[in-house]
Amino acid sequence: MKRSLSTISALLGLTMTSISIHATAAAYHTLSSADLPPANAAAARPAPLKGFLTSSEWHTGGYTDPQYYNDPESTMEFYYIGLSDVMTGMTNFPGFDTVVEPRIAASASRGKHSILRFYMDYPQPAGSYDSHTPQFLIDDYNLTMTPWSSVDLNAVGSSPDYSDENLKTALNNFVAALGSRYDGDERIGFLQVGLLGFWGEWHTWTEDSATHSWIPDTTKMELIDAFDAAFQTTQVQIRYPHWYAVGANQRQGFGLHDDSFAHSTIDEGVYGAPMSWFFWSQVQSTAATDFWMSGAMGGEVRPELQATIFDDNYAAGTQYKQDFGMCADTTHATYMLNYHAFGASYAGNALASARAASDQMGYAFRIAEVSVAERSVGDTVDITATVIQDGIAPFYYDLSIALACPDGGFSDTVGGVDGIVSEGSTASFTFTAVPATSTCLSSLDFSLSSPYALAGAPVKFSQGVSDGTVVAVSLPLPPGSPPSASPPTPSPTTTPVATQAKYVCSKNMPLPTTICAEGSVAGGDCANENENNGCQKGGKRCWWNPACSGGDNPPPITPSPTPNTGGCPVCPPTGQSCCGTCIDSGKPSGRGCSV
């Protein structure tokens, strides 16, 4: 997202201030920072579009299957691409399909954004140099090439005539086609302007001062115009602060990259004289110290410093050995190439320091406060989250904050988190009409979302014990609200046990288990309990048990008829009337009584 100059000016005074997105009523409950998950930069790892990175093509396996250490965790991969590998005619760009697309697709499949730089003259040792100036310009348009060599660089090369009108037309055509195809492509994080000079770094410095002026300022200005016209969304970066791109003429989304980072980045006052050629000195002389508010700062840790810069005995603050943290803070760095971190890797304290340095770069967002206010109508509330920027640079693409009830009863997103630019500045975001139910308010999830977040690589909060993907909070119901009704709990269902009635004919009352084990299914001749029905002679009677297991459809059990006792009580063991003393084991012939 490119910010307008008016937006940048408005954001300059944001430190420790707050923007409110959607005003709301007075809060009835507030969670402060002390009530929320603690700040923790590591919780945002791996953080998209920031930190250290390497080029997959510098490692075994190349861009298709790179084998490199990933600690600190990287979320981007860098690609140098020769212009001649892409462009074969004034309007012919077959390399978009055969060279560019396979690389950015491969990186995206690993959840990593690509950073691209195109070049024509890449210095190499004698015998291994290949020019990447498109051959058709030499063959068809008589472009002049100037071979060169440098003892200081231990390299040779061949520079095109950067003032050639056909070359400038070709470059303009290329940039327009590149923007038409890839501007706003979420797989590309940053695009370095490149193309001019050694390694596409906009200089042709050798020990021979005659080479220093090979790139006319007008050619640089035309290329800046071409990129500014072609890229409205994707961030672009130039190697040095050019007055036509930054400072008083700040172009939207134009940043910088320092490829000698921590070597000649800041003048620490230890050189005996002002170092006007140092990177930040040039930024200051161009009045461009606020460029980072709309354009990202990137680059590469100076190669000869990479292996030792995080060692305990690294002589930070001495000549050409600058403190990484100081350089990052001063320039508001978002990312840095660091081959050593992913090739040989760091260990011990150096690894811990490298992780912290990677975390230090770029954005770091944290929820500092959450409040809830009752709405005047409806059973809803408004919830406001205040987000603070703990990082040293913005998130340079659209970034929103989302709120959801995990039960699916509410979900909404509010944009503008990318507008929190300066470290310590805040903005408040209000979600309206959130259901005022205990189910929702007791379990709320905040998260960050961006169309530039690749699959499986979300932007996270820099807070929480271990992972900042979600910040979970719990809020109370409005004052005086009855507890929200919970759905009725269904009564436990008990599967009925199938039973059936059985009987036996016996003189004495048998045990119920005996009836079930030895009896016949009721419904036969023995129709009435405690009577002789169908029990033949010998004083036998029907003894029933209506609850024997095993019946799928137990027949209805006819209640036993009330015995005719003649006014005497019934003897329980026998079920017979007894007007004397009941004998538990009395014989039926004795009526079960002792008279």
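Note that the coordinates shown come from a computational prediction; the quantities given were computed from them, not determined experimentally. (Residues numbered from 1 in each chain as written. Predicted model: local features only at pLDDT ≥ 70, side-chain atom pairs only at ≥ 80, totals over all residues. Heavy atoms only, no water.)

## Brief notes about helix 9 (residues 348-360)
Next up, step 1: In this model, helix 9 (13 residues) spans 19 Å end to end at C-alpha, consistent with the 18 Å of a helix rising 1.5 Å per residue.
Next up, step 2: Three or more residues of helix 9 are buried, namely A350, L351, A354, A357, S358 and D359.
Next up, step 3: Those residues of helix 9 hidden inside the fold are in contact with strand 3 (51-53) and helix 7 (324-331).
Next up, step 4: One or two residues past the end of helix 9 sits G362, with phi positive at roughly 70°. (Helix = DSSP H or I, 4+ residues; strand = E, 2+ residues; numbered from the N terminus. Expected span 1.5 Å × (residues − 1). Buried < 20%, exposed > 50% of the residue type's maximum accessible area, 1.4 Å probe, protein only. Contact = heavy atoms within 4.5 Å.)

## A short note on the packing of aromatic side chains
Next up, step 1: Inspection of the entire model under this criterion finds 34 aromatic pairs.
Next up, step 2: Both rings, one in F78 and one in Y80, keep their centres 4.8 Å apart while their planes meet at 90°; by these two values the pair is edge-to-face.
Next up, step 3: Classification of F78 as buried rests on a relative accessible area of 0%.
Next up, step 4: For Y80, a relative accessible area of 16% puts it in the buried group.
Next up, step 5: Arranged with centres 5.5 Å apart and planes meeting at 80°, the rings of F310 and Y346 form a pair that is edge-to-face. (Phe/Tyr/Trp six-rings, centres within 6.5 Å; stacked < 30°, edge-to-face > 60°.)

## As for the pattern of salt bridges
Working definition: two side chains of opposite charge can pair if their charged atoms are close together.
Next up, step 1: Inspection of every chain in the model, using the stated rule, returns 20 salt bridges.
Next up, step 2: R239 is paired through a salt bridge with E201; the nearest N and O atoms lie 3.5 Å apart. A residue pair is termed long-range when its members are at least 10 positions apart, and R239 in the loop between strand 9 (235-238) and strand 10 (254-261) and E201 in the loop between strand 8 (188-192) and helix 5 (217-230) qualify at 38 residues.
Next up, step 3: Here E201 falls in the buried class, since its relative accessible area comes to 9%.
Next up, step 4: Overlapping salt bridges, with partners in common, bring together D97, E101, R181, D185 and R187 in one network. (Salt bridge = Lys/Arg side-chain N within 4 Å of Asp/Glu carboxyl O.)

## Things to note about the nonpolar core
Next up, step 1: Counting 139 residues, the largest nonpolar core has F118, F174, F227, F324, I383, I401 and F446 as its most contacted members.
Next up, step 2: Of all the elements, helix 4 (residues 165-182) adds the most residues to this core, at eight residues.
Next up, step 3: If sequence neighbours within four positions are ignored, F174 has contacts with L83, V86, M87, F93, F96, F118 and L195. (Core = buried A, V, L, I, M, F, W, Y, C linked by side-chain atoms within 4.5 Å.)

## Section: the pairing of strand 16 (residues 410-415)
Next up, step 1: Pairing analysis gives six bridges linking strand 15 (residues 400-405) to strand 16, with the strands arranged antiparallel. Counterpart to L403 in the pairing with strand 16 is D412. (Pairing = 2+ DSSP bridges.)

## Observations concerning the sheet that holds strand 16
Next up, step 1: The four strands are arranged 16-15-18-19 in an open sheet whose pairing can be described as antiparallel. Of all the strands in the sheet, the pair left with one neighbour each is strand 16 and strand 19 (471-473). Across the sheet, the axes of successive neighbouring strands diverge by a mean angle of 20°, strand direction being ignored.
Next up, step 2: Direction of pairing for strand 18 (residues 444-449) relative to strand 19: antiparallel, over a ladder of three bridges. Paired with F446 across the bridge in strand 19 is V471. (Axes fitted to C-alpha atoms, helices over the stretch in contact; angles between N-to-C directions.)

## With respect to the state of the cysteines
Next up, step 1: Counting across every chain of the model gives one disulfide.
Next up, step 2: Two residues share a disulfide in this structure: C405 and C440, whose sulfurs sit 1.7 Å from each other. Of this pair, C405 sits in strand 15 while C440 is found in helix 10 (residues 438-441), placing the two residues 35 residues apart along the sequence.
Next up, step 3: Under the relative-accessibility criterion, C440 is labelled buried at 2%. (Disulfide = S-S within 2.5 Å.)

## Considering the pairing of strand 9
Next up, step 1: Burial along strand 9 is two-sided: Q235 and Q237 and V236 and I238, pointing in opposite directions, are all buried.
Next up, step 2: Pairing between strand 8 and strand 9: three bridges, direction parallel. Bridge pairing in strand 9 places Q192 opposite Q237.
Next up, step 3: One crossover worth recording links strand 8 to the parallel strand 9 by way of helix 5, and it is right-handed. (Right-handed = clockwise from strand over helix to strand, strands pointing away.)

## Topic: the packing of helix 4 against helix 5
Next up, step 1: The contact between helix 4 and helix 5 brings their axes to 8 Å, and the two run at 20°. Compared by their axis directions, helix 4 and helix 5 come out roughly parallel. Relative to helix 5, the crossing made by helix 4 is right-handed. In this structure, helix 4 contributes K168, L171, N172, V175, A176 and G179 to the contact, and helix 5 contributes T219, E222, L223, A226, F227 and A230.
Next up, step 2: Tallied by class, residues from the contact of helix 4 with helix 5 come to seven nonpolar, three polar and two charged. (Parallel < 35°, antiparallel > 145°, perpendicular 65-115°, else oblique. Left-handed = near helix turned anticlockwise from the far one by under 90°. Nonpolar A, V, L, I, M, F, W, Y, C, P; charged D, E, K, R; others polar.)

## Observations regarding the environment of A262
Next up, step 1: Tracing the backbone shows A262 in the loop between strand 10 and helix 6 (279-285).
Next up, step 2: Using a relative accessible area of 0% as the deciding quantity, one classes A262 as buried.
Next up, step 3: With 47 residues separating them along the chain, A262 and I309 place their C-alpha atoms 8.7 Å apart.

## Digging into the confidence of the model for the protein chain
Next up, step 1: This prediction gives the protein chain a mean pLDDT of 87; 81% of its residues lie at or above 70.
Next up, step 2: Within the model, the stretch residues 552-565 combines pLDDT values under 50 with 16 contacts to residues more than four positions away or in other chains. (pLDDT = per-residue confidence, 0-100.)

## Let's talk about unusual backbone geometry
Next up, step 1: Cis geometry marks the peptide bond from R45 to P46, where omega comes out at -15°.
Next up, step 2: In the segment running from D71 into P72, the intervening peptide bond is cis, with an omega of 10°.
Next up, step 3: Residue Y320 is not a glycine yet carries a positive backbone phi of 65°.
Next up, step 4: Summarising the element assignment, Y320 is placed in the loop between strand 11 (297-301) and helix 7.
Next up, step 5: Of note in the backbone geometry, H332 takes a positive phi value of approximately 60° without being a glycine.
Next up, step 6: With respect to the secondary-structure elements, H332 resides in the loop between helix 7 and strand 12 (335-337).

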